[in-house]
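Results of the structural survey
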Amino acid sequence: MKSAFVIAAVSSGSGKTTLSLGLMSSLHRRDLDVQPFKCGPDYIDTQYHRLATGKDSINLDLYMASEAHMRSLFESYSSSSQVSIIEGAMGMFDGFDGLKGSAADIARQLDIPVVLLVNAASTSFSVAATIYGFTRFCPDVKVAGVIFNRVASSTHFLFLDEACKSIGVTCFGYIRKNDALQTPSRHLGLSLESQSEIMRFIDAAACEVEGTVDVTGLLQATSVPDRESAIAVPEKRNLTVAVARDEAFSFIYPANIDAFRAEMSYFSPLRDKALPKVDLLYLPGGYPEFFADELEKNQEMRKAIKDFADNGGKLLAECGGMIYLTEEIDGKKMCGVFPIKTTMKNARLKLGYRKLVFDGFEISGHEFHYSDVIDSIGLPSMARQYNIRGKEVMTPVYRYKNVIAGYTHLYWAETDILNLWKNE
């Protein structure tokens, strides 16, 4: 038997990341093979998951992927693990379209239980009504039990535990109110310094979980049959791909990399001076604005990228990767592939699911950024993009020769990204 479960909560801000990382790290310390997952398009929490478990965290998203693909991802990546933990997003029933795509929907599709996290600050027996509703709202979603967060004292917990008993719901324990358990900034690049800060947080969360949560009872209550993966591994194709990966470029969906079915290599725009010889370059999103000085100083790499683009090399760049291809960001020189500039001044968040349509080819993704493009008059978009309601958004996708770049983080694990160049 294995264990698999979704960590869901009553609402955002309840402490799902704290509990998820605490459990992942605690189980990893026990030498259990823990496979992390994340509901939705998040590419920051997944990096924390990797630090806690040593394994890539896989996104399960029912807007960017079909139900069949989502299930196949879970089966494939969890097949060799002892414990599979899926961190939910927002509230348990909050999806991109009602229930659709929510933590509850993912649990239902995968036929695994939910562990419900409840913020107990400033309440006690009243949580019984909340838990009663959450455990019965969707009868086909099994809630294995509850964990409380921000509990003031052991006496406070006695009232909360009694509330669970009154409605016949298992309580696995609690996490105390603790100022040391503040989630690190989600805008930290994974530099050695920030990794150290994040690891301190993960260790603190693991110690808290081990002291006040019945981890053994939780694993027993969330046991699932050992399901052999029936996913066929496709053959590699005759393609070489290089991916930028360092502190400045880190927003990567692992399933996308697997879908290349190519000979893969990685390079650092911060430190490397030359590009590997490849058929396709991929510049993912990340934090180029935080490392603009270092990127500007590496003139050799900036010239190598520009030469690759000018010579017709295939290059895909997303968000931070696109910024790196512009002339500058707030006065710091970038590669200059596109005659546009970017800025973080007067930054405002732009986010949402996107569907990109280009010459009959459709692909989904997610837009999330604070920067803005300036001085882009006259530079057309090669594709049209639509939000979740089907309304067109004015987020452009730029093209220069075989270089394609835009703000949207695309998800191509279920399609062939090379279709973007089918009419080259």
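Residues numbered from 1 in each chain as written. Predicted model: local features only at pLDDT ≥ 70, side-chain atom pairs only at ≥ 80, totals over all residues. Heavy atoms only, no water.

Points about the overall build of the protein
Broken down by element type, the protein carries 12 helices and 25 strands. Radius of gyration (C-alpha) of the protein: 23 Å, near the 22 Å computed for a compact globule of 424 residues. By principal-axis analysis of the C-alpha atoms, the protein measures approximately 70 × 40 × 40 Å. Across the 424 residues of the protein, 55% fall into the buried class. Just so you have it, the protein exposes about 18100 Å², and 49% of that area is on carbon and sulfur atoms. Distance between charge centres in the protein, computed from 45 positive and 52 negative side chains, equals 2 Å. (Helix = DSSP H or I, 4+ residues; strand = E, 2+ residues; numbered from the N terminus. Rg over C-alpha atoms; globule rule 2.2 N^0.38 Å. Buried < 20%, exposed > 50% of the residue type's maximum accessible area, 1.4 Å probe, protein only. Areas by Shrake-Rupley, 256 points an atom, 1.4 Å probe, with all protein chains shown as cover. Lys, Arg positive; Asp, Glu negative; His and termini not counted. Charge placed at Lys NZ, Arg CZ, Asp CG, Glu CD.)

Description of the side chain of Asn298
Considering the arrangement of structural elements, one finds Asn298 in the loop between α10 (292-297) and α11 (299-310). From its side chain, Asn298 meets the backbone nitrogen of Met301 in a polar contact 3.3 Å long. Once residues lying within four places of it in the same chain are set aside, the contact partners of Asn298 are Pro269, Leu270, Arg271, Asp272 and Lys273. (Polar contact = N/O pair within 3.5 Å; in protein donor to acceptor, adjacent residues only side chain to side chain. Contact = heavy atoms within 4.5 Å.)

Thoughts on unusual backbone geometry
One non-glycine residue, Asp31, adopts positive backbone phi at about 65°. For Asp31, the location among the structural elements is in the loop between α1 (16-29) and β2 (34-39). The exposure class of Asp31 is exposed, given its relative accessible area of 68%. The phi torsion at Asp359 lies on the positive side, around 50°, for a residue other than glycine. The exposure class assigned to Asp359 is partly exposed, which follows from its relative accessible area of 47%.

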